[in-house]
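Working through the structure, step by step
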Amino acid sequence: MKLEGGDMEIVHIKNPDFEVMEKIVEIEQEAFEGNGNVDLWIIKALIRYGLVFVIKENDKIVCIVEYMQIFNKKSLFLYGISTLKKYRHKGYANYILNETEKILRDLSYEEIELTVAPENEIAINLYKKHGYAQEKLLEDEYGKGKCIHGRRGKEYSRRRMQ
């Protein structure tokens with residue numbers, strides 16, 4: 001598929017290569033402005049013990065999604081999804097979510113869970129489009145009255161894999 005007119009591919013990042021990890025951290029910092037983004041230690045663990053996929057366009061990482069396995073369930077937690085600002089609103093997040101959900105189904109996962117800040121309407125609309133539904137409100141999830149902007153916050157969603 002071509003979204004921007006360049007060559008695009010989805011890559012499963014399997015080895016914690018320092019240069020790739022640094023690029024992922026940079027994209028996350030830009031996307032979340034220092035509020036809830038991954039750092040080198042977290043991304044290394046997600047690569048080694050979770051699942052991390054990126055979209056590369058013309059060999060440049062432009063979109064990322066990270067998943068963690070939920071113990072004793074055939075479920076994953078969608079830790080984060082982010083796209084470089086220059087590439088937003090062009091279908092990258094939609095595409096990476098579609099394609100990775102197919103991969104996860106093939107790996108026999110049955111459900112994806114996530115949380116999203118209630119003011120993050122762009123993310124909420126993306127998840128609704130993919131069949132996620134609000135299950136419950138997690139009040140004070142990060143302390144009394146605290147909600148991390150644009151990242152895991154109060155709204156909790158779940159989607160059964162079909």
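Cut-offs used in this document
Residues numbered from 1 in each chain as written. Predicted model: local features only at pLDDT ≥ 70, side-chain atom pairs only at ≥ 80, totals over all residues. Heavy atoms only, no water. Core = buried A, V, L, I, M, F, W, Y, C linked by side-chain atoms within 4.5 Å. Buried < 20%, exposed > 50% of the residue type's maximum accessible area, 1.4 Å probe, protein only. Contact = heavy atoms within 4.5 Å. Helix = DSSP H or I, 4+ residues; strand = E, 2+ residues; numbered from the N terminus. Pairing = 2+ DSSP bridges. Axes fitted to C-alpha atoms, helices over the stretch in contact; angles between N-to-C directions. Left-handed = near helix turned anticlockwise from the far one by under 90°. Nonpolar A, V, L, I, M, F, W, Y, C, P; charged D, E, K, R; others polar.

Judged by nonpolar contacts, the single largest core of 44 residues is most densely connected at Ile 24, Ile 43, Val 52, Ile 55, Tyr 67, Leu 78 and Tyr 127. Setting aside its immediate chain neighbours within four residues, Leu 78 contacts Val 65, Glu 66, Tyr 67, Leu 97, Ile 112, Glu 113, Leu 114, Tyr 127 and Tyr 132.

In this section: the pairing of strand β2 (residues 51-57). Of all seven residues that make up β2, seven are buried, and the element is covered over most of its length. Here β2 shows two buried faces, one formed by Leu 51, Phe 53, Ile 55 and Glu 57 and the other by Val 52, Val 54 and Lys 56. Note: β2 against strand β3 (residues 60-70), seven bridges, orientation antiparallel. Residue pairing in the sheet places Val 52 in a bridge with Glu 66 of β3.

Here helix α1 (residues 18-32) crosses helix α2 (residues 40-49) at 115°, and the two axes come no closer than 10 Å. Helix-helix and strand crossings are classified by hand; for α1 and α2 the assignment is right-handed. Here Phe 18, Met 21, Glu 22, Ile 24 and Val 25 of α1 lie close against α2, whose contacting residues are Leu 40, Ile 43, Lys 44 and Ile 47. Counted by class, the contact of α1 with α2 contains seven nonpolar, no polar and two charged residues.

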